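If you want the building blocks of each chain, they are given just below.
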Amino acid sequence: MSPETFLSTAVAGLGTGALYALLAAGLALTLRVARTVNLAHGDLVVLGGYGVFWLGTVFGYPFWLVVPVCALAGGLGGAVIWAATRRLPEPRPLYSLVLTFGFSMLLQGLYLAWWRADYRLVTGTPLQGGLRVADLNLPAERVVAGTLGLLSLGLLHLFLTRTCAGVILRATSSDPVGAALLGVRTHRVELAAFLAGGAVAAFAGIWYSLIYVLYPAAGVTPTIIGLVLTMLAGQGPLGRVALAGLGLGLAEAFATLLLGLSWRELVAYGALFAVLLARSRPLHPGQGDPVADGWRRESPPRGLLPTLLTCLILTLLLLAPAILPGYIRQLLTGALIFAGLGLSWLVLRWAGPVSFGHAAFVGLGAYISATAVLRLGFSPWQAILVAGLSGAVLAVPLGAITLKLSGPDLALASLALVPLLKLLVLNLEPITGGSQGLVGIPPLTLPGLDGVPPPLTEYYAALAAAGLTAIGLLWLQHSAAGWAIAAVREDPVAADHVGINPARARLLALTVSATIACLIGGILAHSTRYLEPGLAFDYRFSLLPLVMAQLGGAGGPAGTLLTALSLYLLSELILAPALPYTHQAVYGLVLLGVMVITPGRPVVEVLLSRRQLLPAKELPGEPAPIRLPLKAGTDLICKGLGRRFDGLLAVDDVSLTLSPGNTLGLTGPNGSGKTTLLDLISGACQPERGQVTWGGRDITTAPPHRRCRWGLARTFQVVRPFRGLTVRENVRLALIYGGRLKPAAAAALADEVLAAVGLRAQADRLAGELSLGQQRLVEFARALATCPAVLLLDEVSAGLSPAARRRVIGLIRQLSAAGVSVLQVEHSLRVLRESCGHVLVMNRGRLIASGAPDDLAEDPAMLAVYLGTEGEEAS
Amino acid sequence: MRPEPVILEGRQVSAGYYGQVVLQEVSFTAGPGEIVGVLGPNGAGKTTLLKAVAGLIRPVGGRILLRGEEIQHLGPAEVARRGLVYIPEGRHLFLDLTVAENLRIGAHVPRARAYLNRSLGVIYRLFPVLGQRQHAQARELSGGQQQILALARGLMARPVVLLLDDPFAGLGRGVADQFCRALRSICAEGTTIIVAGQHVNRILDLANRVYVLNAGRVVVAGPPAELRTGDILARLLF
């Protein structure tokens, strides 16, 4: 490489990099202030580009006039998204992802409807062409874009640090509640962030369009670039976004130089996966678990009716070809492909993660199947199986990268997966046929049954895929594996504490889902007989499952089947003929409308919801004895545990020993570190200092599900039963996964455990329908069901009726006599008096006193804590 | 003009979270320049009461009146704009912003904006440490300094009523003394202060009147001297 090439490539890279940084700054602004990942950000960038193209290149308005108009349009776009997000319930991150994905689809659909799919190139601006500087041939538009990008970033930085409005924006992003308490109307601040973010996007789009061609779906790449840079910069200042942008620009420029222009986007997509692989924190700090939180309230409809309905629909579909004309059957084949896809999407969704890119799996399956037949000589059926296998092969690394955190990683990665695979297909022309596509894919035939025409075979193949998935989903609802998946979706932390490995459950769901989607892709390839990227990676494969899930009930297979059939028929019979270019916009609009009208809850569920709280029933008497196969106890020893949060020592040098049969009480004022100590012992979080050993084995870093299987069980201060499962299922799940019992043994023992805590009568109720006190009992029963050797109880008696409290304390005594060690946290000494002979007192992260409850009431250290003279040493 | 006898009043306020009622029909009043203490064991509903008054949670029943105007339906920003400032337990400082920026946002409400520079002068005189560290990021301050910044930021809003939740948590004796002196001088200028918390002696020393909550209800109310003689507090705690 000559020095001139090197220099001009570097300058071009820095130029585009600065532009990337600018567009990422817009995304970061809305994310930080309004806590919204705007997946339509790139489409606002494209809006700015189209503005320049139409107003400048086509209609010839002067450039200086076009720039502010475009920026204004982008700002307005941002404001519309803001208005739609306002009604979203907390926690917003996941809902906002689905909503802005809907916006992205709508905008792309509108661009397609108004301006068609043609590639548009902005020409004739004064800023394009070659620029010669000291023997170097520099691309003028990149130099200009870069300079303006850096300049705008600088201005944005000054605005945020020097102006009153900027300080308020930063304050709101730092602590929205704190800002509201000082009279800041945070919704207006969020509007300002969306206005600014949209305007910045469109402004960046103006320069983006001087460099790259425009087409309706061109916004995907800038969105991904924005996400990558935002994640790279973390919560850091804008300067870090700029640095990351320059780095990405340089990498892209040199990669393009080496590989060719058609590989340009590879760097951005690759960077997204690299960032996801490298980072260990979710995108929304302090938001905990957006995906799980978001979908928590949903539970698929169960019972006989949905099962019968599913079976009825499947039977009708099985018989349908006998009476329907070929044309309709052909249509139904397409509908079944979508139904199967929606159901496969649901498999993943039930475990929690949301995919915005199931088209990637369909496309992959279609191409693998087609190339296996055409290039390797496989038979069609073999090829479809290979396609399914390829789904599993892709899912495992993808899941390993994106599912270690329960955040929106998979959603973001799946967004990039579609263009990435499309890019590969386009570039690997000798194998895939590139943009020309593949022709002559053989149809599906049944060996030995020559009389069955291929279309009929394809119909039944699609029906088999959809039907078997539906039946599998029905089975999941009534099996331990399905309850485990539901538990992971509802509350991964609690699931982890009953012995389920959430990451593995999610990975399994992704693998099954991807395999089915790829199989369906294979069937698609053989039923269409030809393939090209636009067909295999159709946007509808990604979008429709979301629409179906949102419309068709919280994941009941019957709802999804019905919605898929009706949506597809509506689309093919009415929408496509009547509005050939508008159907994408219509789908986007439907998803948006549903999200705005019934945010977070599928329409069917809203229509059918008739939830009532049950009156609490008092059950007198002592607990029935239970015979649990308890695990063998041994000493649990904590040595010098320490953990800080935000610079505050939550737990500071705490040591304690729990021996089999011991019952230890732990109390202390609010925020003294009691719950954090339990977290450290149960594995919910890990200490920075110190060690936890269990029978001599160091378990300091072991995950909760492993500790649970060894014999550590816990309950939570804020009750966390699996609300979407019945009370009995909560207990059976814990018996199987935590207690390591066979399903049959678990079924027999479950009622005994429930009788012991006094919930026998509520066994078939959903846990979420019970009163808070009863939910606490469910959680207690679930902890017992893991057959523990150690019970860690966090305020287990709070909110219980006196009778229930006596029962719980009786059970604790009973278990303790059987050799279980108990660590019981309570906020007042009074409660501990009844169950514990020895109590530890914590304050400000340290153990400050210990002894018998009656002695402690007189203990000066204890009194000092509660009467407010403690720790007031001169400082 | 007739003096206002009651600045803040709660009439049978009930509030809670997720359908569980924590606070049950609690009534209270606070007059101008008064320091009202709220005591009670953990989980008694002290924080819930303050949150309901500040608009962070909407009461499920009852009425809250600030200078005669009902505020129970308002959000936190609107309540703050009417002169009621809540300094929560977690402080909610803007940790990435400097001390001076934190204080400036304190004066964001219209009633305080015009007095920004004058208030800043007063604050820096009252708490010299903030003046010295005005360009430091809030996260760099010590725990005691952060608590002082939270109070000072609240004062920048020129509040009519100041709500403090467990303000003495984690403070050393020197800082706590300074804090109490500041609170007394603030209420001497007519600001009503409601202070809840665990530090019973501190609050009994400071308050003119005390409400003791237990299990979401007021169990005792009256001047601190009456409470000190009885053993009701100890009975509640242990």
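Quick caveat: nothing in here was measured; it's all calculated off a predicted structure.

What counts and what doesn't
- Each chain has its residues counted from 1, running along the sequence as written.
- Chain letters and ligand numbers both follow the written order, the letters beginning at A and the numbers at 1.
- The predicted origin of the model limits local features to residues at a pLDDT of at least 70 and limits the giving and counting of side-chain atom pairs to 80 or more, whereas totals for whole chains, interfaces and linings rest on all residues.
- Only hydrogens and water are set aside when side-chain values are computed; all heavy atoms of the structure are taken into account.
- We count a stretch as a helix when DSSP gives it H or I for four or more residues in a row; a strand needs E for two or more, and each element gets its number in order from the N terminus.
- Type-normalised accessible area, obtained with a 1.4 Å probe on protein chains alone, sets the label of each residue: buried when under 20%, exposed when over 50%, and partly exposed for intermediate values.
- Polar contacts, as used here, are pairs of N or O atoms within 3.5 Å; protein pairs need one atom able to donate a hydrogen and one able to accept it. Residues neighboring in sequence count only if both atoms are side-chain atoms.
- Here, residues are in contact when the closest pair of their heavy atoms is within 4.5 Å.
- Buried area is calculated as the accessible area (1.4 Å probe) missing from two parts once they are joined, with the contributions of both summed.
- A pairing counts as a salt bridge when a side-chain nitrogen of Lys or Arg comes within 4 Å of a carboxyl oxygen of Asp or Glu.
- Residues are grouped as follows: Ala, Val, Leu, Ile, Met, Phe, Trp, Tyr, Cys and Pro are nonpolar; Asp, Glu, Lys and Arg are charged; all remaining types, including Gly, are polar.
- Every angle, taken between N-to-C directions, lies between 0 and 180 degrees, and every axis is a line fitted to C-alpha atoms, over only the stretch in contact when it is a helix.
- For classification, angles of less than 35 degrees are called roughly parallel, those exceeding 145 degrees roughly antiparallel, those between 65 and 115 degrees roughly perpendicular, and all remaining angles oblique.
- Crossings are classed by handedness, with left-handed meaning an anticlockwise turn of the near helix from the far one by less than a right angle and right-handed meaning a clockwise turn.
- Put simply, a nonpolar core is a bunch of buried Ala, Val, Leu, Ile, Met, Phe, Trp, Tyr and Cys residues held in one set by side-chain atoms that sit within 4.5 Å of each other.
- Throughout the structure description, domain borders are defined by an automatic or database domain assignment.
- Strand pairing is assigned whenever DSSP identifies at least 2 bridges connecting the two strands.
- Centre distance within 6.5 Å is the pairing criterion for rings of Phe, Tyr and Trp, where only the six-membered ring of Trp is used; planes under 30 degrees apart are then read as stacked, over 60 as edge-to-face, and the remainder as tilted.
- Multiplying one less than the number of residues by 1.5 Å gives the expected span of a helix.

Enquirer: Looking at this structure, I do not really get the side chain of T9 of chain A. What am I missing?
Expert: Residue and element names in this part refer to chain A. Following the sequence through the fold, T9 ends up in helix α1 (residues 3-34). Residue T9 is classed as buried on the basis of its relative accessible area, which comes to 9%. For T9, the side chain forms a polar contact with the main-chain oxygen of T5, separated by 2.5 Å. Ignoring sequence-local partners within four residues, the contact set of T9 consists of A253, F254 and L257.

Enquirer: I would appreciate a short explanation of the interface of chain B and chain A in the present structure.
Expert: Facing 42 residues of chain B, the contacting portion of chain A comprises 39 residues. Taken over both partners, the interface formed by chain B and chain A buries close to 3700 Å², and the fraction arising from carbon and sulfur atoms is 57%. Our count for the chain B to chain A interface comes out at two salt bridges. Applying the counting criterion to the chain B and chain A interface returns six residue pairs in polar contact (both at pLDDT 80 or more). Counting only elements with at least two residues in the side of chain B that touches chain A, the list comes to α2 (76-81), α3 (99-106), α8 (173-188), α9 (200-206) and α11 (232-237) of chain B. Looking at which element gives the most residues to the side of chain B that touches chain A, the answer is α2 of chain B, with five residues. Its residues assigned to classes, the side of chain B that touches chain A shows 21 nonpolar, eleven polar and ten charged.

Enquirer: Whenever I open this one, the packing of helix α15 (residues 358-376) of chain A against helix α17 (residues 409-427) of chain A confuses me. Can you help?
Expert: Packed helix pairs are characterised by how far apart their axes lie and by the angle those axes make with each other. All names here are of chain A. In contact at an axis separation of 8 Å, α15 and α17 are set at 25 degrees when each is read in the N-to-C sense. Of the possible angle classes, the one that applies to α15 and α17 is roughly parallel. Along this stretch, α15 crosses α17, giving a crossing that reads as left-handed. Where α15 approaches α17, its residues A359, A360, F361, L364 and Y367 are matched on the opposing element by L417, V418, L421 and V425. Split by residue class, the contact of α15 with α17 holds nine nonpolar, no polar and no charged.

Enquirer: Looking at this model, I keep getting lost on the nonpolar core. Mind explaining?
Expert: Soluble, globular proteins show a tendency: their nonpolar side chains are buried together. Counting 182 residues, the largest nonpolar core has L39, F101, F356 and L531 of chain A together with I105 of chain B as its most contacted members. By residue number, the principal contributor to this core is helix α14 (residues 326-350) of chain A, which donates 14 residues. Each of two domains, domain 1 (3-278) and domain 2 (334-445 + 452-478 + 500-542) of chain A, supplies a minimum of three residues to this core. Once residues within four sequence positions are removed from consideration, F356 of chain A is found in contact with L39, L97, V98, F101, A411, S414, L415, S542 and L546 of chain A.

Enquirer: I tried to follow the sheet that holds strand β4 (residues 61-66) of chain B on my own but got confused; where do I start?
Expert: The strands making up a sheet are joined through hydrogen bonds of the backbone, oriented either antiparallel or parallel. Residue and element names in this part refer to chain B. Pairing within the open sheet is antiparallel, and its four strands lie in the order β2-β1-β4-β5. On the outer flanks of this sheet lie β2 (20-30) and β5 (69-70), each paired with one strand and no other. Summarising the sheet, strand β1 (residues 8-17) and β2 pair through seven bridges and their orientation is antiparallel. Paired with V13 across the strands is V26, a residue of β2.

Enquirer: Which parts of the structure should I look at to understand the packing of aromatic side chains?
Expert: Ring pairs (aromatic) are described by centroid distance and by the angle formed between their planes. Residue and element names in this part refer to chain A. For the structure shown, the criterion picks out 18 aromatic pairs over all chains. Look at W54 and F59: their rings are 6.5 Å apart centre to centre, the planes differ by 35 degrees, and that puts the pair in the tilted class. With a centroid separation of 4.5 Å and 20 degrees between ring planes, the pair formed by F101 and F356 is classed as stacked. Here the residue F101 occupies a position in helix α4 (residues 92-115), and F356 occupies one in the loop between α14 and α15, the gap between them amounting to 255 residues. When its relative accessible area of 2% is taken as the criterion, F101 is described as buried. Put simply, the rings of Y50, F53, W54, F59, Y111, W114 and W115 touch in pairs and so form one group of aromatic residues.

Enquirer: Explanation requested: the pattern of salt bridges in the structure shown.
Expert: Two side chains that carry opposite charge are able to pair once their charged atoms sit near each other. Within the structure shown, the criterion is met by 24 salt bridges over all chains. Its salt-bridge partner being R714 of chain A, residue D679 of chain A comes within 2.5 Å of it at the nearest N-O pair. In this pair, D679 of chain A is assigned in helix α28 (residues 674-682) and R714 of chain A in strand β8 (residues 712-714), connecting sequence segments 35 residues apart. Accessibility assignment for this pair places D679 of chain A and R714 of chain A in one class, buried. In this structure, R714 of chain A engages D794 of chain A in a salt bridge whose closest nitrogen and oxygen atoms are separated by 3.8 Å. Taken together, the residues span a long stretch of sequence, with R714 of chain A in strand β8 and D794 of chain A in strand β9 (residues 790-794) at a distance of 80 residues. R714 of chain A gets classed as buried once you look at its relative accessible area, which sits at 4%. A single salt-bridge network, built from bridges that share partners, covers R185 of chain A together with E69, E78 and R82 of chain B.

Enquirer: What's the story with unusual backbone geometry in this structure? I'm lost.
Expert: What you tend to see is this: most non-glycine residues have negative phi, and most peptide bonds are trans. Residue and element names in this part refer to chain B. The backbone of Q12 sits at a positive phi, close to 50 degrees, despite the residue not being glycine. Of note, Q12 is situated in strand β1. A positive phi angle, close to 50 degrees, is found at R67, a residue other than glycine. The residue R67 is located in the loop between β4 and β5 in this model.

Enquirer: Teacher, can you tell me more about helix α16 (residues 380-402) of chain A here?
Expert: One full turn of an α-helix is made of 3.6 residues, so residues set three or four places apart face in the same direction. Residues and elements named next belong to chain A. With 23 residues, α16 extends 32 Å from end C-alpha to end C-alpha; this agrees with the ideal 33 Å at 1.5 Å per step. Listed as buried for α16 are P380, A383, I384, A387, G388, S390, G391, A395, L398, G399, I401 and T402. Looking at the buried side of α16, the elements it contacts are α11 (264-278), α15, α17 and α22 (502-528).

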